[in-house]
Amino acid sequence: MSRFWNSRTRALSPYMPGEQPQNRACIKLNTNENPYPPSPRVMEAIARAAGGAGGCGERLRLYPDPACRELREAVAERWGLKMEQVFAGNGSDEVLAFAFAAFFETGSPIAGGVVSADGFVTRREAAVLFPDITYSFYPVYARLWGVPYECPRLQDDFSIDYTSFLAPCGGVVFPNPNAPTGMAMSREHVLAIARYHAARGVAVIVDEAYVDFAGAADGASRACGADPLSVIDSIEDHPNLLVVRTLSKSASLAGLRAGFAVGNEELVEGLCRVRDSFNSYPVDRLALAGAAAAVRDAAYYEETTRKIIATRERVSAALVEKGYTALPSSANFLFIRHPALTGAEFFTRLREAGILVRHFNTERAADFVRVSIGTDADMDVFLAVCAKEML
Ligand SMILES: *Cc1c(COP(=O)(O)O)cnc(C)c1O
């Protein structure tokens, strides 16, 4: 605590990102980064965007396009949308933060209401719902903006019970597939949640950070933009549905910081109002060009995604064979449990062996660690350590 902090800053409990070690000696499986490089077209586009003879970056003198048209056009074209249905941001974390600010009401204490995890007293119907085990940034945004929330419990098999989100509330947000479990909810159930809340004017945010990894491992080729699990194709019929995507995971661009959301024009306009009250240029020239190039090169990413899915399935089967529990994953990570060690102990053993994974010290997740899928070579080292830990 500092005497210079105002009461809001004192009350914050910021998100703790996974470690980004500065020495390169370890095998880094802790932040769900992609082990493969981005499409070669990304760097070409970035060089072009910087501009100038001999790569002097002449165009960096100029502010970027505040409307982010280049990226929004690429997204609109790929998914057959209007540009007005697309919002671009500095990573999907920023898009999510804006969405909480734009669509979820600030809570006011009410006598006889429910008490949420952080002591908020509010009417139950005003709380935003997200699962009890999910992306740990959601409660951070909720507290930043003073939004009351409630966390319906995952079922015992760690799947989301979609009916627990069919209740009067102030909003809904969840990842599909969920994180850190990796488990997917069917499109039908996602849309049932959206339909339930549509008539009440309540926004439903689906965070599709990992949706590209839900495809079949057999590499069955699909039409550009026609993802089997995504509900992007349903925004036209569901005006309260906002779908959030990131370029950080399947597009191998975590270092660039680009994400987007698609939804009804009114939702997009709400996001723009928040952004333009905060920062007119959150997405820089290089990120706009690089992200747009990535969105346009779906063919390249189909190959890297197919490899990651195949590695995931191989590693998952090998772990189960050794006696580990691995939840069925539709993402680029596995949520796994050692049969005897606690999650914290297993995390430490892996760390001592030079492998960084993620451990969440919350009640029901504490026995597990989350392991990002790396290259086959990295995962073979990981499996060798896992085999040793079973002796
Ligand atoms: C990684 C992740 C994000 C954030 O992605 P950025 O675009 O890098 O900010 C959002 N939601 C979930 C569930 C994630 O795992």
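Numbers given for residues are sequential positions, taken from 1 along each chain in its written order. Per-residue local features are limited, in this predicted model, to residues with pLDDT of at least 70; the limit for side-chain atom pairs, both in listing and counting, is 80 or more; totals at the level of whole chains, interfaces and linings are taken over all residues. Remark: hydrogens and water are excluded; side-chain values derive from all non-hydrogen atoms of the structure.

## Considerations on the site of the ligand
Then, in step 1: Near, as used in this document, describes a residue that has one of its heavy atoms within 4 Å of the molecule or strand being considered. Every residue near the ligand is listed here: Gly91, Ser92, Asp93, Tyr135, Asp207, Ala209, Tyr210, Thr246, Ser248, Lys249 and Arg257.
Then, in step 2: Pairs of N or O atoms are called polar contacts if they sit within 3.5 Å, as long as, within protein, a hydrogen donor faces a hydrogen acceptor (for residues adjacent in sequence, only side-chain-to-side-chain pairs). In the model, an oxygen atom of the ligand is placed 2.6 Å from a nitrogen or oxygen of the Ser92 main chain.
Then, in step 3: Here Asp207 contributes a side-chain N or O atom positioned 2.6 Å from a nitrogen atom of the ligand.

## Here's the deal with the side chain of Ser92
Then, in step 1: Runs of H or I in DSSP of at least four residues are treated as helices and runs of E of at least two as strands, each being numbered from the N terminus. Turning to its location among the elements, Ser92 is positioned in helix 4 (residues 91-103).
Then, in step 2: The contact criterion used throughout is that any non-hydrogen atoms of two residues lie within 4.5 Å. What Ser92 contacts, discounting residues up to four positions off in sequence, is Val244, Arg245, Thr246, Ala258 and Gly259.

## Side note on the sheet that holds strand 14 (residues 368-372)
The strands that make up a sheet pair up through hydrogen bonds in the backbone, lying either parallel or antiparallel.
Then, in step 1: Taken in spatial order, the three strands make up an open sheet running 11-12-14, and their pairing is antiparallel. Sheet topology places strand 11 (325-326) and strand 14 at the edges, where each strand pairs with a single neighbour.
Then, in step 2: Pairing between two strands is assigned when DSSP locates at least 2 bridges connecting them. With five bridges connecting them, strand 12 (residues 333-337) and strand 14 associate as antiparallel partners. Across the sheet, residue Phe333 finds its bridge partner in strand 14, namely Ser372.
Then, in step 3: Angles run from 0 to 180 degrees between N-to-C directions of axes, and those axes are lines fitted to C-alpha atoms, restricted for helices to the stretch in contact. Together, strand 11 and strand 12 form the strand contacts of helix 9 (residues 298-322), whose direction differs from that of strand 12 by roughly 5 degrees.

## Focus: the domain arrangement of the protein
Then, in step 1: What fixes the domain bounds is an automatic or database domain assignment. Domain parsing of the protein yields domain 1 (26-35 + 301-389) and domain 2 (44-298).
Then, in step 2: Once you take the C-alpha centre of each, domain 1 and domain 2 turn out to be 26 Å apart.
Then, in step 3: Listed as interface residues are 25 residues of domain 1 and, on the opposing side, 34 residues of domain 2.
Then, in step 4: Once two parts are joined, some of their accessible surface, as seen by a 1.4 Å probe, is lost; buried area is that loss totalled over both. Buried area between domain 1 and domain 2, both sides added, is near 2,400 Å², and the carbon and sulfur share of it is 59%.
Then, in step 5: Summed over the three residues of domain 1 that lose the most area to domain 2, namely Tyr301, Ser330 and Arg364, the buried surface amounts to 32% of that side.
Then, in step 6: Note on definitions: salt bridges are taken to be side-chain nitrogens of Lys or Arg within 4 Å of carboxyl oxygens of Asp or Glu. Where domain 1 touches domain 2, the interface holds one salt bridge.
Then, in step 7: At the boundary of domain 1 with domain 2, the tally comes to 12 residue pairs in polar contact (both at pLDDT 80 or more).
Then, in step 8: Looking at the side of domain 1 that touches domain 2, the elements that each hand over two or more residues are helix 9, strand 12 and strand 14.

## Observations concerning the pairing of strand 2 (residues 86-89)
Then, in step 1: Residue burial is assigned from relative accessible area. The probe radius is 1.4 Å, only protein chains are included, and a residue is buried under 20% of its type maximum, exposed over 50%, and partly exposed in between. The alternating pattern of strand 2 places Val86 and Ala88 on one face and Phe87 and Gly89 on the opposite face, and all of these are buried.
Then, in step 2: The sheet contact formed by strand 2 and strand 10 (residues 259-262) spans four bridges and is antiparallel. Note that in strand 10 the partner of Phe87 across the bridge is Ala261.

## Some remarks on the packing of helix 3 (residues 69-79) against helix 8 (residues 285-296)
Then, in step 1: At their nearest, the axes of helix 3 and helix 8 sit 8 Å apart, and the two run at 10 degrees to each other. For the element pair helix 3 / helix 8, the angle class is roughly parallel. Every residue of helix 8 that contacts helix 3 at Glu70, Leu71, Glu73, Ala74, Val75, Glu77, Arg78 and Trp79 is listed here: Leu288, Ala289, Ala291, Ala292, Val295 and Arg296.
Then, in step 2: Split into classes, the residues belonging to the contact of helix 3 with helix 8 amount to nine nonpolar, no polar and five charged. Any angle from 65 to 115 degrees is called roughly perpendicular, while one under 35 is roughly parallel, one over 145 is roughly antiparallel, and all others are oblique. Residue polarity follows a fixed list, in which Ala, Val, Leu, Ile, Met, Phe, Trp, Tyr, Cys and Pro are nonpolar, Asp, Glu, Lys and Arg are charged, and the others, Gly among them, are polar.

## A look at the nonpolar core
Then, in step 1: Judged by nonpolar contacts, the single largest core of 53 residues is most densely connected at Val75, Leu81, Phe174, Leu241, Leu247 and Val262.
Then, in step 2: For this core, the element with the highest residue contribution is helix 8, accounting for six residues.
Then, in step 3: Counting contributing residues per domain, this core is built from domain 1 (26-35 + 301-389) and domain 2 (44-298), each supplying no fewer than three.
Then, in step 4: Those residues in contact with Leu247 that lie beyond four places of it in its chain are Ser252, Leu253, Ala254, Ala258, Gly259, Phe260, Ala291, Ala294 and Val295.
Then, in step 5: Residue types Ala, Val, Leu, Ile, Met, Phe, Trp, Tyr and Cys, when buried and joined through side-chain atoms within 4.5 Å, form a set referred to as a nonpolar core. In terms of nonpolar packing, the next biggest core, distinct from the first, is built from 30 residues, Phe333, Leu350, Val369 and Ile373 among them.

## Overview of the packing of helix 2 (residues 40-50) against helix 8
Then, in step 1: It is at 8 Å that the axes of helix 2 and helix 8 come closest, and there the two elements cross at 145 degrees. For the crossing formed where helix 2 meets helix 8, the hand is right-handed. Only Arg285, Leu286, Ala289, Gly290, Ala293 and Ala294 of helix 8 make contact with helix 2, whose side of the interface consists of Arg41, Val42, Ala45, Ile46, Ala49 and Ala50.
Then, in step 2: By residue class, the composition of the contact of helix 2 with helix 8 is nine nonpolar, one polar and two charged. The hand of a helix crossing depends on one turn: near helix anticlockwise from the far one by less than a right angle means left-handed, and clockwise means right-handed.

## Remarks on helix 10 (residues 343-352)
Then, in step 1: For helix 10, the complete set of buried residues consists of Gly343, Phe346 and Leu350. Projected down its long axis, helix 10 carries its buried residues within an arc of 65 degrees, all on one side.
Then, in step 2: Buried-residue contacts for helix 10 involve strand 12, strand 13 (355-356), strand 14 and helix 11 (376-388).
Then, in step 3: Of the residues flanking the end of helix 10, it is Gly354, one or two places downstream, whose phi is positive at about 85 degrees. Directions are taken from the helix axis to each C-beta atom, and the arc is the one they span.

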